[in-house]
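Given next are the chains, with one letter for each unit.
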Amino acid sequence: MWWRHQAVLRRLPPLRAVAQSPPRWAGGALGCYHGSAPEGRKAKTAPLQARGMVDKFRMRAKGGDGGNGCVSLRRSRSNRVGKPDGGNGGKGGDVILECSRSIWDFSGLQHHMRGGRGGNGVSKNQIGTRGSDKIAQVPVGTVIHLVEGEQPSLVVNKPTRALDPWDIPGSDEHSSVSLNQIDNAVVKDFDGNLSHRHIAPEHNTDGNEAERESNSQSVKQKYLHTYAKPTFSNTNCEVRTYPHPEGIDEKDQTESGDEDFWEDEDEFDIDDEVEEEEEEDSDQQDVQYSVAELTKPGQRLIIARGGEGGLGNAFIMKEMRPSKEYKEEKIARLSTGLPGTETFLILELKSIADVGLVGLPNAGKSTLLSALSRAQPEIADYEFTTLRPNIGSLTYEDYFSVKVADIPGLIKGAHENRGLGHAFLRHIERTKVLAYVLDLAATLNGRKGIPPWEQLQDLVMELEHYQEGLTKRPSLIVANKIDEEGAEEMYEELKRRVQGVPIFPVCAILQEGVPDLRVGLRNLMDDSDPQGIDLSKISVE
Ligand SMILES: Nc1nc2c(ncn2[C@@H]2O[C@H](COP(=O)(O)OP(=O)(O)OP(=O)(O)O)[C@@H](O)[C@H]2O)c(=O)[nH]1
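Quick caveat: nothing in here was measured; it's all calculated off a predicted structure. (Residues numbered from 1 in each chain as written. Predicted model: local features only at pLDDT ≥ 70, side-chain atom pairs only at ≥ 80, totals over all residues. Heavy atoms only, no water.)

1. Concerning the overall build of the protein
1) Next: Of regular secondary structure, the protein possesses 16 helices and 17 strands.
2) Next: Nonlocal contacts in the protein, meaning residues at least 24 apart in sequence, comprise 78% of its contacts between residues at least 6 apart.
3) Next: When the accessible surface of the protein is split by element, carbon and sulfur atoms take 49% of a total near 27,700 Å². (Helix = DSSP H or I, 4+ residues; strand = E, 2+ residues; numbered from the N terminus. Contact = heavy atoms within 4.5 Å. Areas by Shrake-Rupley, 256 points an atom, 1.4 Å probe, with all protein chains shown as cover.)

Structure below.
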């Protein structure tokens, strides 16, 4: 029996390899969960992943391939040769980003998205089904950087028709409304600057091909209006062999050609190291920054287009009339559905919140966020508990809502990438109003911290170093930990030393002073001439 065991063992991967390759569910630095983690392990990794928002995300998208046109002959007793009756293939589905107010970050996105494949044409002149669109919802303020592929195009949201009561809410993928909208955009693009595959009829069988194709405007228009959606010139489709037998059925077709696209899927699912490497790679590539921005809910952006369906032999024979000698070749070329376009994008979140809580590590920002809103960030008495911004929503009696972000602890030298470095300074850029959270108790009871006014000076200087004018944003000061012994005196001293901005004494842990702070934040948002912080108005001597 030992040889059986040997055979089984040989089939297993070597132990070292197993240990090195992280599980698929581990996710990555910029990623999220993929699939479900085995019990036990999940509990260990979940807090790390769930801690903060995902504000940068890499995504590969591929439009669905167009379905093949059908090559079929309808024979009858009177017509033994047969009449071409193969229908055109359906267009592949697009991959679309949709801007939504109910989405906060990129944690729910997939790194790979692919539009559905168009159905193949069928005999009796039946057109293949259109591939389903894949729609990913992204937050308001998503900026798109292009690493590879075509520029995405914004879909013009034309009102199409009143909502059908039978439409299932949220079933965007199959919603006729969304498909209409997408079609509008596609046709619009065709009229624009992009070039597409040119479908030409062959009225003149002995002219040269290029000439024939340029003389085909009227039929092309007809073709577009009746069936085809345009695709792009770079999706050249070279067919060397006859694509499929006559009378082939849609069911016989299997999805193919996308294996390469999915082959590297694991790259995205593995670990931080690989993620970082990829990030470096994309840094080295010519990234086109900010090619598009989604700022309004409902906006849609096509990031990868479905390929055009191939033509059926009925259409080819009727509209293009190929010469006998080129017939087979022409049918082979035109009946193959075109592949969808591919893009590699980096999505980045621009404006993350109305209010940014800025403070040194341990000042109590996360505690304050949970006191102001229902957010439940991780709180601990060690520095850098917060590694990514947490966001909470503060709602007033009149339903006015303000988003508050707890920005990871800022330290002196952050602009030189010390501590958590640039990464979080970027988040501050994405807030409208700043609330400086100062720790009144940092020097009390033998603690070796720095006094609140110096904390403020350091914060202001760091922000200004990172981006000039950042501290001119409407600001207020939260003097936290007022409950500690000696904190009242510190607060009085702080008021003497800092001028020009409102200061709110707060005990975040007991929620004291929080109602006044809520009003203060609201006033700051409503104020027509709010003040920023002036370094010259902070006295540290
Ligand atoms: N006495 C007192 N302690 C507080 C108060 N607010 C927060 N703390 C404590 O201060 C410590 C740090 O609180 P956090 O809310 O994690 O501070 P943070 O600024 O988010 O820290 P980082 O994540 O490092 O940026 C925790 O032990 C809190 O319990 C307060 O009002 N009074």
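2. Describing the environment of Leu410
1) Next: In this fold, Leu410 is placed in the loop between strand S14 (401-406) and helix H13 (422-429).
2) Next: Judged by relative accessible area, Leu410 falls into the buried class, the value being 1%.
3) Next: A C-alpha to C-alpha distance of 9.1 Å links Leu410 and Asp458, two positions 48 residues apart in sequence. (Buried < 20%, exposed > 50% of the residue type's maximum accessible area, 1.4 Å probe, protein only.)

3. Some words on the sheet that holds strand S17 (residues 503-506)
1) Next: Spatially, S13-S14-S12-S15-S16-S17 is the arrangement adopted by the six strands of the open sheet, whose pairing is mixed. In the strand order of this sheet, the two ends are held by strand S13 (390-395) and S17, each with one partner. On average, each strand axis in the sheet is tilted by 25° relative to the strand beside it, whichever way the strands run.
2) Next: Bridge count between strand S12 (residues 353-359) and strand S15 (residues 431-439): six bridges; the pairing is parallel. Paired with Ala353 across the bridge in S15 is Thr431.
3) Next: Packed onto the sheet, helix H15 (residues 487-497) meets S15, strand S16 (475-480) and S17 and runs at close to 170° relative to S17. (Pairing = 2+ DSSP bridges. Axes fitted to C-alpha atoms, helices over the stretch in contact; angles between N-to-C directions.)

4. What about the side chain of His145?
1) Next: Within the element layout of this structure, His145 appears in strand S7 (residues 142-149).
2) Next: A polar atom in the side chain of His145 sits 2.9 Å from the backbone nitrogen of Ser290.
3) Next: If sequence neighbours within four positions are ignored, His145 has contacts with Val287, Gln288, Tyr289, Ser290, Val291, Phe344, Leu345, Ile346 and Glu348. (Polar contact = N/O pair within 3.5 Å; in protein donor to acceptor, adjacent residues only side chain to side chain.)

5. Thoughts on the packing of aromatic side chains
1) Next: If you walk through the whole model with that rule in mind, you get two aromatic pairs.
2) Next: Plain terms: the ring middles of Phe57 and Phe106 are 6.3 Å apart, the flat faces sit at 45° to each other, and that makes the pair tilted. A residue pair is termed long-range when its members are at least 10 positions apart, and Phe57 in strand S1 (residues 56-62) and Phe106 in the loop between strand S4 (95-100) and strand S5 (112-114) qualify at 49 residues.
3) Next: Assessed through its relative accessible area of 0%, Phe57 is described here as buried.
4) Next: Under the relative-accessibility criterion, Phe106 is labelled buried at 0%.
5) Next: Centroid distance Tyr396 to Phe400: 6.1 Å. Interplanar angle 50°. Geometry classified as tilted.
6) Next: Judged by its relative accessible area of 29%, Phe400 falls in the partly exposed class.
7) Next: Directly above the aromatic system of Phe344 lies the positively charged group of Arg60, at a separation of 4.4 Å from the ring centroid. (Phe/Tyr/Trp six-rings, centres within 6.5 Å; stacked < 30°, edge-to-face > 60°. Lys NZ or Arg CZ within 6 Å of the ring centre and 35° of its normal.)

6. Examining the sheet that holds S5
1) Next: Spatial ordering of the open sheet is given by S5-S1-S11-S7-S9, a layout of five strands whose pairing is mixed. Each edge of the open sheet is held by one strand with a lone partner, namely S5 and strand S9 (288-294). This sheet shows a mean twist of 30° between the axes of neighbouring strands, independent of strand direction.

7. Re the pattern of salt bridges
1) Next: Using the criterion set out here, one finds 13 salt bridges in the structure.
2) Next: Arg130 is the partner of Asp94 in a salt bridge, and the nearest nitrogen-oxygen pair spans 3.5 Å. Remark: Arg130 occurs in the loop between S5 and strand S6 (134-139) and Asp94 occurs in the loop between strand S3 (83-84) and S4; sequence separation between them is 36 residues.
3) Next: Looking at Asp94, the relative accessible area reads 0%, which means it is buried.
4) Next: One salt bridge connects Glu484 with Arg447, and the closest N-O pair in it is separated by 3.2 Å. On the criterion of sequence distance, the pair formed by Glu484 in the loop between S16 and H15 and Arg447 in the loop between S15 and helix H14 (452-466) is long-range, its members being 37 residues apart. (Salt bridge = Lys/Arg side-chain N within 4 Å of Asp/Glu carboxyl O.)

8. Overview of the packing of helix H12 (residues 365-372) against helix H16 (residues 514-526)
1) Next: Interhelical geometry of H12 versus H16 gives an angle of 85° and a closest axis separation of 10 Å. Considering their axes alone, H12 and H16 lie roughly perpendicular with respect to each other. Where H12 approaches H16, its residues Leu368, Ala371 and Leu372 are matched on the opposing element by Val514, Leu517, Arg518 and Leu521.
2) Next: Its residues placed into classes, the contact of H12 with H16 shows six nonpolar, no polar and one charged. (Parallel < 35°, antiparallel > 145°, perpendicular 65-115°, else oblique. Nonpolar A, V, L, I, M, F, W, Y, C, P; charged D, E, K, R; others polar.)

9. A word on unusual backbone geometry
1) Next: Located in the positive-phi region is Lys124, a residue other than glycine, with phi close to 60°.
2) Next: Residue position: Lys124 is located in the loop between S5 and S6.
3) Next: Here Tyr399, not a glycine, exhibits a phi torsion of approximately 65°, which is positive.

10. Here we look at the environment of Asp406
1) Next: On the secondary structure map, Asp406 appears in strand S14.
2) Next: The exposure class assigned to Asp406 is buried, which follows from its relative accessible area of 0%.
3) Next: When the C-alpha atoms of Asp406 and Ser370 are compared, they prove to be 9.6 Å apart, with 36 residues separating the residues in sequence.
4) Next: Among the polar contacts made by the side chain of Asp406, one reaches the side chain of Ser366 at a distance of 2.7 Å.

11. Brief notes about the environment of Cys99
1) Next: Its place among the elements puts Cys99 in strand S4.
2) Next: Each C-alpha atom, one on Cys99 and one on Lys296, is 6.5 Å from the other, the two residues being 197 residues apart in sequence.
3) Next: Leave out the neighbours within four places in its chain, and Cys99 touches Val138, Pro139, Val140, Leu294, Thr295, Lys296, Pro297, Gly298 and Gln299.

12. Some details on the pairing of strand S10 (residues 300-304)
1) Next: Of all five residues that make up S10, five are buried, and the element is covered over most of its length.
2) Next: Alignment of S4 against S10, held across four bridges, turns out to be antiparallel. Bridging from a neighbouring strand, Ile96 pairs with Ile302 of S10.
3) Next: Bridging between strand S8 (residues 153-155) and S10 involves three bridges; their strand directions are antiparallel. Looking at S10, one finds that Val155 is bridged to Arg300.

13. Re the nonpolar core
1) Next: Of all hydrophobic cores here, the largest spans 34 residues; its most connected members are Tyr436, Leu456, Leu463, Ile477 and Leu494.
2) Next: Taken together, the elements giving at least two residues each to this core come down to S12, H13, S15, H14, S16 and H15.
3) Next: Ranked by residue count, the leading element in this core is H14, at five residues.
4) Next: Excluding anything up to four places from it in sequence, Leu463 contacts Val358, Leu410, Leu425, Ile428, Leu434, Tyr436, Leu470 and Thr471.
5) Next: Formed by 23 residues, the second largest nonpolar core is a distinct cluster that contains Ala363, Val402, Val433 and Val506. (Core = buried A, V, L, I, M, F, W, Y, C linked by side-chain atoms within 4.5 Å.)

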